[in-house]
Each structure stands twice: as structure tokens, then as C-alpha cells.
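Geometric and topological summary
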Amino acid sequence: MSAAKSPSVADVVIVGAGFAGMYMLHRLRGLGLSARVFEAGGGVGGTWYWNRYPGARCDVESMQYSYSFSPELQQNWQWSELFASQPEILRYANHVADRFDLRRDIQFDTRVTEARFDRATHRWTIRTNHGDHVSARYCVMATGCLSTARVPDFPGIERFSGKVYHTGHWPHDGVDFTGRRVGVIGTGSSAIQAIPVIAQQASHVTVFQRTPNFSIPSRNGPMSDAYANSWKSDYPALREQARHMRTGILNSPNDISALEVSDGERQRIYEERWAAGGTNFMAAFNDLILSQQANDTAADFVRDKIRATVHDQEVAELLAPKNHPIGTKRICVDTDYYSTYNRDNVTLVDVRAAPISEITPTGVRVGGTEYQFDAIVFATGFDAMTGALLNIDIEADGKTLREKWEEGPRTYLGLMTAGFPNIFMITGPGSPSVLSNMMVSIEQHVDWIADCVAHLRLRGLNCIEATQSAEDTWVAHGNEVAHRTLYPLANSWYMGVNIPGKPQVFMPYIGGVGSYRQICDDVASEGYRGFELSAQTSALAAE
Ligand code: FAD
Ligand code: NAP
């Protein structure tokens, strides 16, 4: 059944109905604005709609990985585990859509293909793959940082006669791997969650690893009433504290150097954090992402844990990352990942020295060896941060965003890019986004954008554009901060390295969620410093 065509005029078009697009719609409605949302998927939830692979769950505790904008919502919703699984997060997204009656303004199964700005009317024209054609004063890209799944260009891929899956495009009715020989390509966060679960079902799992990753046990478990209530009894204050943390997660950072304490004390601290589980491990000391020497102490600790867990020491050595500082590729959080390699039905194949040469009709060939499979799981990641934006023909004044970002994304605050008025990005490159609790960063951006639009309307203005100099200064600052850390040392998707030909720049802003929020607030309170605000009379005449 084809969806109803949208009206041809709206105040705002929002692209994407993940957590960002949903909250943006809610806020804009609250301002009395008309908004149309287009979503390529068949439902709300974004990441949690698409990534239905076995084991998928959040790695930020659910009491924090959830919306804070509605006191009733955060009091009423009950999470069943410390780290909610994908089905539960998707149920939550659907609950939010129902509770705030969001669906009536969302057109599903519709992909935005084009957005063009008309200087004469100061409006965006948005087109979709179904021929929709909407004129809007503002456009908000809520297209997600990790929404463009990527399968490497392996020769022969189309000839494989078994089943092929990508973690980011998982079938909605699930997959039964019972009795099947499964190949998993990749060992990032998705694979690290999926492999232990698939291994419990499949007859055999072969994991193709190019780069091992550091992973910390989640220590996930049922949510106790006491723990949930410890949050709910003081939610506003705790959320406020989280908003000012470096990662937007209320954890327990230890503000001393790893090199200031004795070996014994350091070991004790790491042991304590390893036992507690989760990403809080990386907050054990204040210089783990700043000093190679400090970082080595944490990396050595985790490598030793891997050696102690995995029985076969050759496999343990392959699993122990040695080529990047810990934390400079996204730290993984797992349940039984390393111990899964002690199972008889799991094999690790190192494809660093000898890469995958082709996909054959019956399996995967690495050099002279062919591995035969009934199914291949691509856990090969995403064209992160810029992929979804650049898949849309975004154009203003004859210049496309693709042209502008040919050498890498350039933004002011990750919210707007110079030369493209009235179009906002939520968690765009140049903002903390993927380095943070995304719920915190999403809410911060949505609130900033909504307040900005309200500010413009209140003053009879209808145009906002980032200045070139503000953008240049922000890009330089972002690079400078990134290069003070160890992050650029890793071949990570943060740097765009996973996509052949993608410019290699550090895309997220690493200055910290709290200080970034302060900068954004200051920019707004100083009359939107670095933006040009105007009333375009030709645009008003066209209304
Ligand atoms: P998304 O959820 O990606 O939604 C974007 C939506 O836009 C998608 O539904 C997509 O279909 C749609 N879209 C894109 N382009 C178009 C177009 N042209 N036309 C129409 N629709 C379009 N973050 C955390 O903080 N903690 C976690 O634990 C965590 N776990 C994650 C686990 C996985 C498996 C993945 C992939 C990511 C995880 N993230 C996590 C990051 C996660 O992406 C964010 O937390 C958050 O869900 C992003 O919400 P969003 O609305 O910005 O983007
Ligand atoms: P990813 O981190 O990019 O991992 C992709 C994996 O595929 C890497 O191991 C990569 O190896 C491998 N790969 C890619 N091309 C390959 C090739 N040609 N040959 C062999 N191996 C290849 O993707 P992801 O695991 O989907 O995770 C992406 C991000 O989503 C995460 O970093 C995280 O932010 C988020 N996420 C979070 C969770 C969570 O815990 N809540 C779960 C899943 C995802 P190289 O490293 O060598 O490139």
C-alpha cells in the first residue's frame, strides 16, 4: 500500500525518524510549527529499527540511554535489564511515538533523495523516491551517524548461494542459525555482540578478523527496582549532571593520571572497573586517551585479561589488539565475547596478513583456503557520520554538499555548514555525537535547533546561515583538540578510514559533551555568534 502524499508546504521537513527525528518533531509541534518527517524505514527507532542482529543492545546503561525531555515518560517506562536489548529499545521508541502521537506526521518507507535551497524564496524543496515534493522554510537532517550500512566490495559477492546478512539491515522476522555453518566478517561492536549469540545456535561459526578490538564485559543483568529507583528518585538532577560530563554519561571519572599511582594501585583500579564492567573502564584515569604511556597500562591490562580468558594462546594473541591505543577505536562492551573462542564450534581466521580474496558460490576464500558456509554475516560497519547526508543531493546556490565536503566534512558546531542556510544537522560531524551518550547529544541538538527557530520567529527573521569564518575557526579548533589526543593514531571509522577513498579527517568533536554544550549555549546567548540571521523580504512576500 503506498503512503499518502505529504502536503506540499511545511514549516520544517525532518529527514529520519530515529530518536533524533522523533524528538525534533515533538519539539517543533510544541512551537506551533508544521513539520513533515520522511523515514526510509517502515517504522520509528532508526538504529534500533534496522540493527536487529542477535545480541544487539545498548552499551550505555538504559537509565541513561533514554529520553529525558518528559518527566512522566522517564518515570513510567520500566527497563528490564541494565543494558536494554534491541527489541526492548525498539518497543520504547514505538511507545514514545504512540505516547506523543508522532506517527501522523511521519511518512515511512520513503527516502529523501534531494534537498535544494532557493535563494529567492529562502525555502528548501525536498524530494523523495516516491515523488513527494515539499517546500519548507527549514530542513533538519536527523539521518543518523551510523545509518548507512556498508558491505565491502569483495569480488564474487553476488555469486554466494547461501544467505547473506548485514548486521545493520537484519531481517525483521529473525534468523534461525540452528545447524548452519556461519561466517562472520568483522570484529567491531556489532560482531562482538552477535558472535557469542550466533555461536550458541550455529553448528559452526568462523570469524574473519582484520583488526582485533578491545572489549570490556558489560556485566549486564536484570534491572533491579532499587537501581531503577535510585535514578528515578532524583532523575532531573542526575540527568543534569550527565549533560555536563565529558561523554554525556554519568560515570565515575578518576581525575588522576595512570602514571601517578603505584603499579599495585593501578592494577587494583583496573580490576575494580573490569569487575564493574562497561565503558566506565576508560574513565579509570584522566590521561588514557592523552598519553601513550598511560594508555599502554590500560591496554596491557585488557590484553592480559584476554590471555587469561582464551585457552588457546595463539587465538588469544590474535584477539589481543596491538596496533591501536585502547579507546581510540570505539571501545566494545560484550557478554562472553572472548570466552566464546573457547567453544569447539568457533574458529578465528586472521585476515590482516592475508585478506579475504573473494566470496565464492559456497563460502569465503582467503588465499589458498576456502571456508564453506550456509550463511555469511557482514558485520562490516557503516559509512559513518557523512554517509547518510551525502547520499542526499543537498544543494544551495549551485553548490552541492558533496562538492563542499570533498576533502572532509566542515561544519560550525556540527549543526550547520556555511553556504547552506536554514538546514540543520542533528549530531553532525564536528559535534560530540558518536563519542557520547547519543541520547544526551540528540536532545541537546534538538533543543538548540528548536530554540533557534523560536528565536528567529520571535524576531520576524527567517534565515540563518553559519559564517565561513566561524566554520573555519570551529574546524581548526576541532582538529587541534583531536590531535591533542591519541584518537588520530587509529585506523577508525571516526577518521573515515573504513571507506575506500573517504577523506581521512577526525569527524566527531572530542572537546567533551559538557564543554561543547556550554559553547553552544554561549553562541545562542550572544545572539547566535558566528551565524548570520536575517529577514529576507522576498521570502516573506512569497509566503
Ligand atoms: P538513527 O537512529 O540512525 O536514525 C536515522 C534514521 O534516518 C534512520 O531510520 C534512517 O532510515 C533515516 N534516514 C537516513 N537517511 C534517510 C533519507 N535519505 N531519507 C529518509 N530517511 C533517512 N549510541 C549510544 O549512545 N549508545 C549505544 O549504546 C548505542 N548503541 C548502538 C548500537 C548499534 C548497533 C548502532 C548501529 C549504533 C548505536 N549507537 C549507540 C548509536 C545510535 O546510532 C544512536 O544512539 C541513536 O540511535 C541515533 O539516533 P538518530 O535518530 O540520530 O539516528
Ligand atoms: P565497525 O566498528 O566499523 O566494525 C566493522 C568491522 O568489519 C571491523 O572489524 C572491520 O575491520 C571489519 N571489516 C570491514 N571491512 C572489512 C574487510 N574488507 N575485510 C575484513 N574485515 C573488514 O562496525 P560495527 O561493529 O557495526 O560498529 C559501528 C559502530 O556502531 C560502533 O563503533 C558503535 O559506535 C556502534 N555500535 C554500538 C554497539 C553497542 O555496543 N551498543 C553495537 C554495535 C554498534 P577493521 O577494523 O580492520 O576495519
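We now turn to the structure provided with this report. (Residues numbered from 1 in each chain as written. Chains lettered and ligands numbered in written order. Predicted model: local features only at pLDDT ≥ 70, side-chain atom pairs only at ≥ 80, totals over all residues. Heavy atoms only, no water.)

What follows is about the sheet that holds strand 16 (residues 375-378). In spatial order, the strands read 7-16-8-9-12; together these 5 strands make up an open sheet with parallel pairing. The open sheet has two free edges, formed respectively by strand 7 (163-166) and strand 12 (346-350), since each of these has just one partner strand. Across this sheet, the average inter-strand angle for adjacent strands is 20°, counted without regard to direction. (Pairing = 2+ DSSP bridges. Helix = DSSP H or I, 4+ residues; strand = E, 2+ residues; numbered from the N terminus. Axes fitted to C-alpha atoms, helices over the stretch in contact; angles between N-to-C directions.)

Ligand 1 sits among 33 residues. The nearest are Glu39, Thr47, Asp59, Tyr65 and Met438. Within the backbone of alanine 20, a nitrogen or oxygen atom sits 2.9 Å from an oxygen atom of ligand 1. Within the side chain of tyrosine 65, one N or O atom sits 2.5 Å away from an oxygen atom of ligand 1. Those elements that place two or more of their residues in the shell around ligand 1 are helix 1 (19-30), helix 2 (47-50) and helix 14 (438-458). Sorting elements by how many residues they give to the shell around ligand 1 places helix 2 first, with 3 residues. Of the residues contributing to the shell around ligand 1, the split by class is 18 nonpolar, 12 polar and 3 charged. (Near = heavy atom within 4 Å. Polar contact = N/O pair within 3.5 Å; in protein donor to acceptor, adjacent residues only side chain to side chain. Nonpolar A, V, L, I, M, F, W, Y, C, P; charged D, E, K, R; others polar.)

Two strands pair when backbone bridges link them, and strand 4 (residues 112-118) and strand 5 (residues 123-128) are joined in this way by 6 bridges, in the antiparallel orientation. Bridge assignment links valine 112 to a residue of strand 5, and that residue is threonine 128. Between the end of strand 4 and the start of strand 5, which pair antiparallel, lie 4 residues, with histidine 122 showing a positive phi angle near 55°. By the bridge criterion, 4 bridges tie strand 5 to strand 6 (residues 133-141) in an arrangement that is antiparallel. In the strand pairing of strand 6, threonine 125 is matched with serine 135. In this structure, the hairpin formed by strand 5 and strand 6 is closed by a connection of 4 residues, where glycine 131 is found at a positive phi of approximately 85°.

Contacts to ligand 2 come from 24 residues, most closely from Arg57, Thr187, Ser190, Arg210 and Thr211. One nitrogen or oxygen atom from the main chain of serine 189 is found 3.0 Å from an oxygen atom belonging to ligand 2. Within the side chain of glutamine 193, one N or O atom sits 3.2 Å away from an oxygen atom of ligand 2. Protein contacts shield 89% of the accessible area of ligand 2, which totals 910 Å² for the unbound molecule. Per-element accounting of the shell around ligand 2 gives the leading share, 3 residues, to helix 5 (residues 189-201). Class assignment of the residues belonging to the shell around ligand 2 gives a composition of 9 nonpolar, 9 polar and 6 charged. (Areas by Shrake-Rupley, 256 points an atom, 1.4 Å probe, with all protein chains shown as cover.)

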